[in-house]
Structure formats: C-alpha cells, structure tokens
Amino acid sequence: MCVPARGSSNVRLHQGVQRKRAQSRRDFFYGTGETDETTLDALGDQAIGLVTAYHYSAAHDSELNRSFVAKLKELHPGSHANMASVGAYDGVDLIYKMIKVAGTDGQKAVEAAKGLEWESPRGPVKIDPVSRHVIQNVYIRQVERAADGTLINKEIATIPNVPDLGFNP
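Figured I'd write up the structure that's included with this text. (Residues numbered from 1 in each chain as written. Predicted model: local features only at pLDDT ≥ 70, side-chain atom pairs only at ≥ 80, totals over all residues. Heavy atoms only, no water.)

## Examining the overall build of the protein chain
Put simply, the rule is: Only DSSP runs of H or I with at least four residues qualify as helices, and only runs of E with at least two residues qualify as strands; both kinds are numbered from the N terminus onward. Between two residues, a contact is recorded if the distance between any of their heavy atoms is within 4.5 Å.
Of regular secondary structure, the protein chain possesses 5 helices and 6 strands. Along the protein chain, helices and strands appear, N-terminal first, in the series α-β-α-β-α-α-α-β-β-β-β. Considering only contacts in the protein chain between residues 6 or more positions apart, those separated by 24 or more positions represent 52%.

Right, dumping it as structure tokens:
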C-alpha cells in the first residue's frame with residue numbers, strides 16, 4: 001500500500017492502517033515520507049513496524065548526521081531533523097562549493113556543480129553531470145522505539161546511488 005498523506009489526514013490514515021495490520025497480522029510496505037520525523041510523535045505507537053523507503057532518516061548512523069541533528073536541536077529546540085532540513089543543509093553546502101570554485105560567475109558555478117560529490121548528513125550525494133539532479137541513497141526504514149523512548153525511522157537496508165528515475169534525456 002502506498003498513499004501519500006500529510007497532517008491530520010496522515011494520522012487518521014495511520015490509525016486505519018494500524019487497525020488493518022492488527023487484523024491481518026502482516027507488515028506493510030507503506031510509502032515514502034509518511035513517517036517523516038515531524039509526524040512520528042503524532043502517529044505514536046501505531047507507527048511502530050511501518051516500513052518506508054526514503055532518502056533520509058534522522059537516525060542515519062554517521063558522525064556527520066549526529067553532528068547535524070545535535071546542532072539543529074541546539075539552534076532550534078523542539079525541531080526535528082527531516083528531509084526538509086537536510087535538503088536545506090545540502091543546498092547551502094552546494095552553493096558554498098559552487099561559489100568557492102566560480103565566485104560570481106553563474107555559468108562557471110553551474111559547470112562546477114556537475115558531477116560534484118560530497119558526504120551529506122543523509123549519506124553520499126552526487127550531482128548527475130547530465131541531468132543535474134541529485135544521485136543519492138534510498139534507505140528502507142522501519143519505525144521503532146529508540147533506547148531513549150523516541151520513535152525513529154531505523155534504516156534496515158540501503159539502495160545505493162539512486163538517480164532521478166523520472167529523468168529521460
């Protein structure tokens with residue numbers, strides 16, 4: 001089952017899925033961002049066991065991600081690291097790299113970005129030199145309770161180097 005939903009409709013959808021899971025005793029491959037870190041608290045225990053595929057988890061096991069999450073919490077208490085915040089981090093990091101190479105020359109900056117690779121809080125990232133879209137890992141994640149009692153999207157598998165699957169040159 002894969003149904004995109006956000007906000008209160010997301011919570012109601014998860015409640016229905018939880019009831020169905022209890023009846024069928026089966027796990028679901030649910031979707032992508034439906035268990036985004038900003039909605040996990042609202043979803044509560046009904047989200048435990050849901051499996052999603054997404055290109056970021058705040059629980060990603062890397063020193064850079066732990067640093068990123070800690071700094072975000074320090075600067076913005078009560079916030080949650082998620083794809084939006086890591087995407088902003090990567091975007092600013094890319095702009096910094098482009099300016100470092102090209103200064104104010106816009107065309108040179110675009111050329112500098114093509115094929116650029118770096119380590120992000122989400123893992124390895126690369127700009128495809130042809131499409132100029134990001135190539136990144138997609139993580140299979142399962143919601144569980146961490147040792148501190150919070151709900152997390154634990155990465156259980158990785159699909160490496162996924163390009164923009166909609167790009168057709």
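What follows picks up the thread again.
## Structural notes on the environment of M98
The test is simple: With a 1.4 Å probe rolled over the protein chains alone, any residue whose accessible area is under 20% of its type maximum counts as buried; one over 50% counts as exposed, and the rest are partly exposed.
Position of M98 among the secondary structure elements: in helix α4 (residues 83–102). Among the residues examined, M98 registers a relative accessible area of 16% and is labelled buried. Separated by 12 residues in sequence, M98 and V110 place their C-alpha atoms 7.3 Å apart. If we ignore the near neighbours within four places in the chain, the residues touching M98 are G103, A109, V110 and A113.

## Quick word on the pairing of strand β6 (residues 151–162)
In regular strands, side chains alternate between the two faces of the sheet. Our working rule: Pairs of strands are assigned from DSSP output, requiring at least two bridges between the strands.
Where strand β5 (residues 134–145) lies against β6, 9 bridges are found, and the strand directions are antiparallel. In the sheet register, R145 faces β6, and the bridge partner there is L151.

## Brief notes about the packing of aromatic side chains
In plain terms, the rule: Only the six-membered ring of Trp is used, alongside the rings of Phe and Tyr, when aromatic pairs are assigned; centres must lie within 6.5 Å, and planes under 30 degrees apart are stacked while those over 60 apart are edge-to-face, with the rest tilted.
Going through the model one piece at a time under the given rule, you end up with 1 aromatic pair. Summarising the aromatic geometry, the rings of F68 and Y89 are spaced 5.3 Å apart at their centres and angled 70° between planes, so their arrangement reads as edge-to-face. Residue F68 is found in helix α3 (residues 63–75), and its partner Y89 is found in helix α4; the two are separated by 21 residues along the sequence. For F68, a relative accessible area of 10% translates into the label buried. We classify Y89 as partly exposed; its relative accessible area is 32%.

## Section: unusual backbone geometry
Residues other than glycine seldom take positive phi values, yet R132 does so here, at roughly 65°. Structurally, R132 is set in the loop between β4 (123–127) and β5. For N161, which is not glycine, the phi dihedral falls at a positive 50°. You can see N161 is positioned in strand β6. Judged by its relative accessible area of 52%, N161 is exposed.

## Comments concerning the pattern of salt bridges
The line we're drawing: Salt bridges, as used here, are contacts in which a Lys or Arg side-chain nitrogen is within 4 Å of a carboxyl oxygen on Asp or Glu.
In this structure the tally under the stated criterion is 8 salt bridges. Note that K114 and E111 form a salt bridge whose closest N and O atoms lie 3.0 Å from each other. You can call K114 partly exposed: its relative accessible area is 29%. On the accessibility criterion, E111 (41% relative accessible area) is partly exposed. Three or more residues joined by partner-sharing salt bridges are found here, namely D61, E63 and R66.

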